[in-house]
Amino acid sequence: MKFKRVYESFFYIAVFVLSAATLLAADDVTTYLIMSDIPPYKRITQTIDMITEKIKTIPGYTIYSGPGILAGADHFSFDHSDMTYRTEYQSKEIGLGMVVEVTKHTGSDSDKWLLHEIDLEFRNYYGIPGYYIKTINGNTIYVYGAGGRDYRWLSGNKVIMIEYLDSQLTKPEPIEIIQAYLAKHPSSIPAITMKELNTSDNKTKWIKDEMERRLWLCDKWYMQFQLGKVQQKDMLKELVDHMTVFLNYREKYYGISAKDERNALSNYLSQNNGTAIKAKLTEHNTWWTANKTKAINIQ
């Protein structure tokens, strides 16, 4: 997992260009973001004008259409518009700045994967978790710490992320920010202990869900192609990418060599052979239906 850049200077050198979505009324923003300071942290609302070099006031937030942090999990949002709201806070006394991002998902069928996708970046390539669980005021949140901390949780169909940089992990956790956002967006992640997170059954469920999700993503992209909403070459690349992950998981956990299958898919893609790629997807869906309930070896 890679941390986004968090500015440690009180003033920005650059700010995000606001999209047309920022024309939304301010009360829409306050539905998702806390627009006031959260002592000892101040919400950043000033920057330096790069032309005049004078301090100027800015809205201090951005809004854009997209799945936010779940973009890294290949969250499917091509057929709908998720909205992401972002702001930053800083304490000069503590020497800590952080990003807060809240993404409102639209209630599409993609939302069924939100709980699964929210911790994908906190796992290794093959789905083994590398994060820890934190419970605050009865709320379960996921925390990853490497060069800083990334806190995230689900609140209904909203995904909340709080992130900061601290290479030595010596700064105090911004508990005031976390508590404030939990009060605004309570976690809907079911309570789970570290022991439960690391059980064989729990790991197995996540791994099998990921295999199923990859085939589901293939079907979603193919449907968009059938509807004339994506180009064939883009659709075929998505299918090959997701089937490759599926095959790698199958090789790892079911012991079936993936080399020949991967090579075949790569060749089909270079030839723009949609018929052969779609046939492979049908083949893998059939195999998965017959084998997904079988035991796997996660050692």
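Preceding this section is the structure that the text describes.
Residues numbered from 1 in each chain as written. Predicted model: local features only at pLDDT ≥ 70, side-chain atom pairs only at ≥ 80, totals over all residues. Heavy atoms only, no water.

Draft legend 1. The arrangement of helix 8 (residues 274-291) in detail. Between the first and last C-alpha of helix 8 there are 26 Å, a value that for 18 residues agrees with the 26 Å anticipated at 1.5 Å per step. Here the buried face of helix 8 lies against helix 5 (200-226), helix 6 (232-254) and helix 7 (259-270). (Helix = DSSP H or I, 4+ residues; strand = E, 2+ residues; numbered from the N terminus. Expected span 1.5 Å × (residues − 1). Contact = heavy atoms within 4.5 Å.)

Draft legend 2. Just the nonpolar core, in detail. Counting residues in hydrophobic clusters, the biggest one holds 43 residues, and the most contacted among them are Tyr89, Trp153, Ile162, Ile177 and Tyr181. When near neighbours in sequence (up to four residues on either side) are disregarded, Ile162 contacts Met98, Val99, Val100, Arg149, Asp150, Tyr151, Trp153, Ile177, Ile178 and Tyr181. (Core = buried A, V, L, I, M, F, W, Y, C linked by side-chain atoms within 4.5 Å. Buried < 20%, exposed > 50% of the residue type's maximum accessible area, 1.4 Å probe, protein only.)

Draft legend 3. Molecular detail of the pairing of strand 7 (residues 132-136). The sheet contact formed by strand 7 and strand 8 (residues 139-145) spans 5 bridges and is antiparallel. Residue pairing across strands places Ile136 opposite Asn139, the latter belonging to strand 8. Connecting strand 7 to the antiparallel partner strand 8 that follows it, the hairpin turn spans 2 residues, and Asn137 within it adopts a positive phi of roughly 50°. (Pairing = 2+ DSSP bridges.)

Draft legend 4. Examining the packing of helix 5 against helix 8 more closely. Two elements in contact, helix 5 and helix 8, have axes separated by 11 Å at closest approach and are oriented at 145°. Two packed elements cross with a definite hand, and for helix 5 against helix 8 that hand is left-handed. Within the contact between the two elements, helix 5 uses Lys208, Met211, Glu212, Leu215, Cys218, Asp219 and Tyr222 and helix 8 uses Lys278, Leu281, His284, Asn285 and Trp288. For the contact of helix 5 with helix 8, the class distribution of residues is 6 nonpolar, 2 polar and 4 charged. (Axes fitted to C-alpha atoms, helices over the stretch in contact; angles between N-to-C directions. Left-handed = near helix turned anticlockwise from the far one by under 90°. Nonpolar A, V, L, I, M, F, W, Y, C, P; charged D, E, K, R; others polar.)

Draft legend 5. Molecular detail of the side chain of Asp119. In this fold, Asp119 is placed in the loop between helix 2 (114-117) and strand 7. Here the side chain of Asp119 touches Arg123 through a polar contact of 2.9 Å, side chain to side chain. In this structure, Asp119 is in contact with Tyr131, Tyr142 and Trp206, ignoring residues within four places of it in sequence. (Polar contact = N/O pair within 3.5 Å; in protein donor to acceptor, adjacent residues only side chain to side chain.)

Draft legend 6. Focus on the environment of Ile94. Take Ile94: it is sitting in the loop between strand 5 (83-91) and strand 6 (96-104). For Ile94, a relative accessible area of 24% gives the class partly exposed. Taking the C-alpha atoms as reference, Ile94 lies 20 Å from Ile34; in sequence the two are 60 residues apart. When near neighbours in sequence (up to four residues on either side) are disregarded, Ile94 contacts Pro40, Tyr41, Lys171 and Pro172.

Draft legend 7. Representation of the packing of helix 6 against helix 7 in the model. The contact between helix 6 and helix 7 brings their axes to 10 Å, and the two run at 175°. As judged from the angle between their axes, helix 6 and helix 7 are roughly antiparallel. For the pair helix 6 and helix 7, contact is made by Leu236, Lys237, Val240, Met243, Thr244, Leu247, Asn248, Arg250 and Glu251 and by Lys259, Glu261, Arg262, Leu265 and Leu269, respectively. Across the contact of helix 6 with helix 7, the residue classes break down as 6 nonpolar, 2 polar and 6 charged. (Parallel < 35°, antiparallel > 145°, perpendicular 65-115°, else oblique.)

Draft legend 8. Spotlight on the pattern of salt bridges. Summed over the entire model, instances satisfying the criterion amount to 21 salt bridges. The salt bridge involving Arg86 is made with Glu88; its shortest N-O contact spans 3.9 Å. Accessibility classification places Arg86 together with Glu88 in one group, the buried group. Among the ionic pairs, Arg152 bridges to Asp150, the shortest N-O distance being 2.8 Å. A residue is classified by how much of its surface remains accessible, and Arg152, at 1% relative accessible area, is buried. Owing to a relative accessible area of 0%, Asp150 belongs among the buried residues under this scheme. One connected set of salt bridges, linked through shared partners, spans Asp74, Glu117, Glu210, Arg213 and Arg214. (Salt bridge = Lys/Arg side-chain N within 4 Å of Asp/Glu carboxyl O.)

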